[in-house]
Amino acid sequence: MTRVSPTAAVTAGIMFGLAGGLVAGTFLMAPSLAANPAGNVGDKLTVAESELEVASAQANSADSYIADIAEDTVRGRLADKPVILFTTPDVNEEDYGHIEWLSKIAGAPSVTRVKLTDTFLTQDSAEPLKALAASTLPAGVQLSEDNRSVGTHMGELLGASASTAPTTLTSGEQPEGEATAEEPGEGDAGDVESAADTDKETQTAAEPVSQEERTLVFGALKEAGYIDFEGEVPASAATVLVTGGSDGRDDSFRVTQYVDFARALDASGLPTTVAGRLPAAGPDGLIGRLRTNQKDALTVSTVDSIDRFYGRLATVLATVEQVGGGSGAYGTADKTDAVAPA
């Protein structure tokens, strides 16, 4: 029996979906067509409605097949890789549930949900969040001086706190308990200046943030009502920011902060994927704005259409790709590399 590759199956599903969309577009034109006396519009609409039903049935069948092969496709791909799933307030619970389920099937030893509440990354919470970040900052973690947006600082704080990767110290800062370099003698005055210049450019890897420090950071945010989670948040190898279907036009400030949050999570050593429904990939949406910025598009992975199984499957495969050092844009909207990672 010939085995159909998961990528081919996903592509087939997309083609059916696009066909349905085209026919739906024709159907939505019905009022204007009906007002036009030219031609037998009634017959054309009947044909369009029939084709729409067929295309929708085909799309659903293809997506059902992808659901059937999803477990085998991801099984073991995240073995020994803990994952954090951040969710925005507008996330669809069914979308989230399937992504969580597939992440567990992929072998992630822990899949921790952290809910971002309605008060997280708003204009009113910006200053209190910055103050909280400053008071809970783990040793060795630095917040950006160039971009002081609340989204950036929260992403840096949570990303560095949750990552299994070492934190990075700059400008000659020493990890706690580590001895400083021996002072040079009088005859080494010329070397002092050279060493100082070198220190400014040197980046030193420190130990990852401890569980105690991580608990302090996440616990403080939870107590203040900005996030919610159950149990303890462990160190993680990757994260997914799962959002809903907002096109971003109703709250541009928060979308901007989510963009900063996602890029800062990734830059802080926590490989990041952002996944949502198709409208979020519009020009003003979270996914769309990440894809528009060339630097973001090369670092943070994005997936649209997570209300379909090919989008949910692509989200987990994109997480696997992120852990391996890759990135991409996946789904059915503009500016995508493919339907799903190969």
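Summarised in this report is the structure supplied together with it. (Residues numbered from 1 in each chain as written. Predicted model: local features only at pLDDT ≥ 70, side-chain atom pairs only at ≥ 80, totals over all residues. Heavy atoms only, no water.)

### Quick word on the overall build of the protein chain
Assigned secondary structure in the protein chain consists of 12 helices and 9 strands. The buried share of the protein chain, reckoned over its 342 residues, is 44%. A fraction of 77% describes how many contacts in the protein chain between residues 6 or more apart in sequence connect residues 24 or more apart. Of the roughly 16,900 Å² of accessible surface on the protein chain, a fraction of 51% belongs to carbon and sulfur atoms. (Helix = DSSP H or I, 4+ residues; strand = E, 2+ residues; numbered from the N terminus. Buried < 20%, exposed > 50% of the residue type's maximum accessible area, 1.4 Å probe, protein only. Contact = heavy atoms within 4.5 Å. Areas by Shrake-Rupley, 256 points an atom, 1.4 Å probe, with all protein chains shown as cover.)

### Focus on the packing of helix α5 (residues 126–136) against helix α6 (residues 150–162)
As a packed pair, α5 and α6 sit with axes 10 Å apart at the nearest point and diverge in direction by 30 degrees. Relative to α6, the element α5 lies roughly parallel. Crossing handedness for the pair α5 and α6: left-handed. On α6, the residues touching A126, L129, K130, A133 and T136 of α5 are V150, H153, M154 and L157. For the contact of α5 with α6, the per-class residue count stands at 6 nonpolar, 2 polar and 1 charged. (Axes fitted to C-alpha atoms, helices over the stretch in contact; angles between N-to-C directions. Parallel < 35°, antiparallel > 145°, perpendicular 65-115°, else oblique. Left-handed = near helix turned anticlockwise from the far one by under 90°. Nonpolar A, V, L, I, M, F, W, Y, C, P; charged D, E, K, R; others polar.)

### Section: the pattern of salt bridges
By the definition in use, this model includes 12 salt bridges. D95 is the partner of R312 in a salt bridge, and the nearest nitrogen-oxygen pair spans 3.0 Å. In this pair, R312 sits in helix α12 (residues 309–323) while D95 sits in helix α4 (residues 93–105), placing the two residues 217 residues apart along the sequence. We note that R312, like D95, is buried. The partner of K130 in a salt bridge is E127, with the nearest N and O atoms 4.0 Å apart. Here E127 and K130 lie together in helix α5, a separation of 3 residues that amounts to about one turn. Taking relative accessible area as the criterion, K130 reaches 25% and is therefore assigned partly exposed. Several salt bridges converge on common partners, so that one network encompasses E71, D72 and R75. (Salt bridge = Lys/Arg side-chain N within 4 Å of Asp/Glu carboxyl O.)

### Structural notes on the nonpolar core
Counting residues in hydrophobic clusters, the biggest one holds 40 residues, and the most contacted among them are F86, F120, M154, F218, L221 and F261. Every element with two or more residues in this core is listed here: β1 (83–87), β2 (111–116), α5, α6, α8 (211–223), α9 (252–267) and α10 (286–292). Sort the elements by how many residues they give to this core and α9 lands first, with 6 residues. For L221, the residues in contact, after removing those within four places along its chain, are L129, L132, M154, L158, Y226 and I227. Ranked by size, the runner-up nonpolar core spans 30 residues in total, among them A106, V111, Y310 and A340. (Core = buried A, V, L, I, M, F, W, Y, C linked by side-chain atoms within 4.5 Å.)

### Some points on the sheet that holds β1
The 7 strands lie next to each other as β5-β2-β1-β6-β7-β8-β9, forming an open sheet whose pairing is mixed. Two strands in the sheet have a free side with no partner beyond their single neighbour: β5 (227–228) and β9 (329–330). Relative to β9, strand β8 (residues 301–303) runs parallel, the two being bridged by 2 bridges. For V303, the partnering residue across the bridge sits in β9 and is Y330. Packed on one face of the sheet, α12 meets β6 (238–242), β7 (272–275), β8 and β9 and runs near 175 degrees to β8. (Pairing = 2+ DSSP bridges.)

### What to know about the side chain of T302
With respect to the element layout, T302 can be found in strand β8. Among the residues examined, T302 registers a relative accessible area of 2% and is labelled buried. Within the structure, T302 has its side chain in polar contact with the side chain of R291 (distance 2.8 Å). Ignoring anything within four residues of it in the chain, the contact list for T302 reads V274, I287, L290, R291, G328, A329 and Y330. (Polar contact = N/O pair within 3.5 Å; in protein donor to acceptor, adjacent residues only side chain to side chain.)

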